[in-house]
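Summary of the model geometry
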Amino acid sequence: MPELPEVESIKRSLSSNIVGQKLENYKIYDHRTNRYNTKKPTIKESLSGISRKGKLLIFDFEHYSIIFHLGMSGRIQVNDKKNKHTRARFYFDKDTVNFDDIRRFGFINIIKAELKIDYLNKIGPDVLEISTKQSRIIIDKSKKSKSLIKDFILNQKYMSGIGNIYANEILFASRIHPETKVNALSSNNWKDFFNNTKKIMRLAIKNNGTTLSDMTYFLPYGEFGSNQNFLKIYSKTNCFNCEHIIDKIYINQRATYFCRKCQKLKN
DNA sequence: GAATGAACCTGCCAGC
DNA sequence: TGCTGGCAGGTTCATT
């Protein structure tokens, strides 16, 4: 499932090859992938850069930005044949970029370049870039919330980039029970949380992201990620630290793994 | 305004 | 063998 590290890995892989190329044409085949676009502007410009915020991947042109959200099963493929899951194709002067998405949770949004900042400001700060000031704002918001920590950190309006797999990993590393009310967290909990988030995300980027057994995620040129070898709690049966049996519960319909010995509930 | 839950979507797998 | 139901989960929208 593409979360921050997977999107960042895709961005890095594409940047060295596609940036600078001129977009000649593009096609979006699937109405659901295209659900937020009202127009199909002609973009015959060079790709000036590729950026990312949270789980969003952005192709930057002089007058337009093409925003990709990969959803659960979206991926970017370079110079691959069109297949039944190809939802869009971008024809650059040298290479062709496919947007494939089996489950069609992803989307492509084409906006004018000057609207990009406002668009991205609708989601919270990227968890790799959170400043001290931004972390204080997040903690202030948490004090007014009755949500569970697991729900809170998955909500992209507070902070962006964390998905279900890394939420489990970060809470385990921070020894926070996923059902802890967010307003009950101490300042030390938050300090651990922010530190572990950056640590876990950086390691996952170094490993090119996490490719689970369903093999849904891989990089634009076909390489798999290797961070699945470094997961400590997600989809595991015994605790990495104490060998205790790991509990699996559902919070907001999402699989949640935790060790009741290492992550005590303090509400 | 915040919290909650359903809907969207497809491939895979277990059970019958 | 073939069918059915459950599961995976990010986001939006409707409801409470």
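Residues numbered from 1 in each chain as written. Chains lettered and ligands numbered in written order. Predicted model: local features only at pLDDT ≥ 70, side-chain atom pairs only at ≥ 80, totals over all residues. Heavy atoms only, no water.

This brings us to the sheet that holds strand β5 (residues 74-78). Read from one edge of the open sheet, four strands run β1-β6-β7-β5, paired in antiparallel fashion. For this open sheet the edge positions go to β1 (23-28) and β5, each flanked by a neighbour on one side alone. Averaged over all adjacent pairs, the angle separating strand axes in this sheet is 15°, with direction ignored. (Pairing = 2+ DSSP bridges. Helix = DSSP H or I, 4+ residues; strand = E, 2+ residues; numbered from the N terminus. Axes fitted to C-alpha atoms, helices over the stretch in contact; angles between N-to-C directions.)

Moving on: the protein's contact with DNA strand B. By nearness alone, every residue bordering DNA strand B is listed as Arg-32, Lys-84, His-85, Ile-102, Arg-103, Arg-104, Phe-105, Ser-145, Lys-146, Ser-147 and Gln-253. Backbone sugar and phosphate groups make up 68% of those atoms of DNA strand B lying within 4 Å of the protein. Within the side chain of Ser-145, a nitrogen or oxygen atom sits 3.2 Å from a phosphate oxygen of DNA strand B. Each residue belonging to the surface near DNA strand B can be placed in one class, and the counts come to two nonpolar, four polar and five charged. (Near = heavy atom within 4 Å. Polar contact = N/O pair within 3.5 Å; in protein donor to acceptor, adjacent residues only side chain to side chain. Nonpolar A, V, L, I, M, F, W, Y, C, P; charged D, E, K, R; others polar.)

Okay, the protein's contact with DNA strand C next. As a matter of local geometry, DNA strand C sits amid 13 residues, with His-69, Met-72, Phe-105, Tyr-234 and Arg-254 nearest to it. Considering DNA strand C, the proportion of its atoms within 4 Å of the protein that are sugar or phosphate atoms stands at 53%. Take Asn-164: an N or O atom from its side chain is 3.1 Å from a phosphate oxygen of DNA strand C. Within the contact set of DNA strand C, a phosphate oxygen lies 3.3 Å away from a backbone nitrogen or oxygen of Ala-255. Elements represented by at least two residues in the surface near DNA strand C include exactly β9 (247-251) and β10 (254-258). For the surface near DNA strand C, a count of residues per class yields six nonpolar, three polar and four charged.

Here the focus is the sheet that holds strand β2 (residues 49-53). For sheets, the rule is that strands pair by backbone hydrogen bonds, running either parallel or antiparallel. With antiparallel pairing, four strands are arranged side by side in an open sheet as β2-β3-β4-β8. Both edges of this open sheet fall to β2 and β8 (107-112), since each of them pairs with a single strand only. Sheet twist, expressed as the average angle between the axes of neighbouring strands with direction ignored, equals 20°.

Quick look at the pattern of salt bridges now. If you walk through the whole model with that rule in mind, you get seven salt bridges. Of the charged contacts in the structure, one is a salt bridge between Arg-12 and Glu-8, with a shortest N-O distance of 2.8 Å. One end of the pair, Arg-12, and the other, Glu-8, are both in helix α1 (residues 4-18), four residues apart, so they sit about a helical turn from each other. Overlapping salt bridges, with partners in common, bring together Glu-8, Lys-11, Arg-12, Arg-52 and Asp-126 in one network. (Salt bridge = Lys/Arg side-chain N within 4 Å of Asp/Glu carboxyl O.)

Before going further, it helps to examine the pairing of strand β3 (residues 56-60). Summarising burial for β3: five of the five residues are buried, a large majority. Neither face of β3 is left uncovered, since the one carrying Leu-56, Ile-58 and Asp-60 and the one carrying Leu-57 and Phe-59 both have all their residues buried. Where β2 and β3 come together, five bridges link them in antiparallel fashion. Paired with Ile-50 across the two strands is Phe-59, which belongs to β3. Hairpin connection of β2 to β3: two residues between the antiparallel strands, including Gly-54 at a positive phi of 60°. Sheet analysis places β3 next to strand β4 (residues 64-69), joined by five bridges and oriented antiparallel. When the bridges of β4 are listed, Asp-60 appears paired with Ser-65. Where β3 folds back onto β4 in an antiparallel hairpin, the turn is made up of three residues. (Buried < 20%, exposed > 50% of the residue type's maximum accessible area, 1.4 Å probe, protein only.)

Counting through the fold element by element, Asp-95 comes out in the loop between β6 (86-92) and β7 (96-101). Within the buried set, Asp-95 has no salt-bridge partner at all; the shortest N-O distance to an opposite charge, 7.1 Å, is to Lys-94. Here Asn-79 takes part through its side chain, which lies 2.7 Å from a polar atom of the side chain of Asp-95. Contacts of Asp-95, omitting those with residues within four sequence positions, involve Asn-17, Ile-18, Gln-21, Val-78, Asn-79 and Phe-90. (Lys, Arg positive; Asp, Glu negative; His and termini not counted. Contact = heavy atoms within 4.5 Å.)

A complete count under the given rule lists 13 aromatic pairs for this structure. An angle of 90° between the planes, with centres 4.9 Å apart, marks the rings of Tyr-36 and Phe-107 as edge-to-face. Placement of Tyr-36 in the loop between β1 and β2 and of Phe-107 in strand β8 is noted, with a sequence separation of 71 residues between them. Judged by its relative accessible area of 12%, Phe-107 is buried. Ring geometry for Phe-68 versus Phe-90: centroids 5.5 Å apart, planes at 70°, classification edge-to-face. With Phe-68 in strand β4 and Phe-90 in strand β6, this pair connects stretches of sequence that are 22 residues apart. The exposure class assigned to Phe-68 is buried, which follows from its relative accessible area of 0%. Among the aromatic residues, those joined into a cluster by ring pairs are Tyr-26, Phe-59, Phe-68, Phe-90, Phe-92 and Phe-99. The cationic tip of Lys-40 hangs over the ring face of Tyr-26; the distance from NZ or CZ to the ring centre is 4.3 Å. (Phe/Tyr/Trp six-rings, centres within 6.5 Å; stacked < 30°, edge-to-face > 60°. Lys NZ or Arg CZ within 6 Å of the ring centre and 35° of its normal.)

From the geometry alone we can't say anything about function, so treat these as descriptive.
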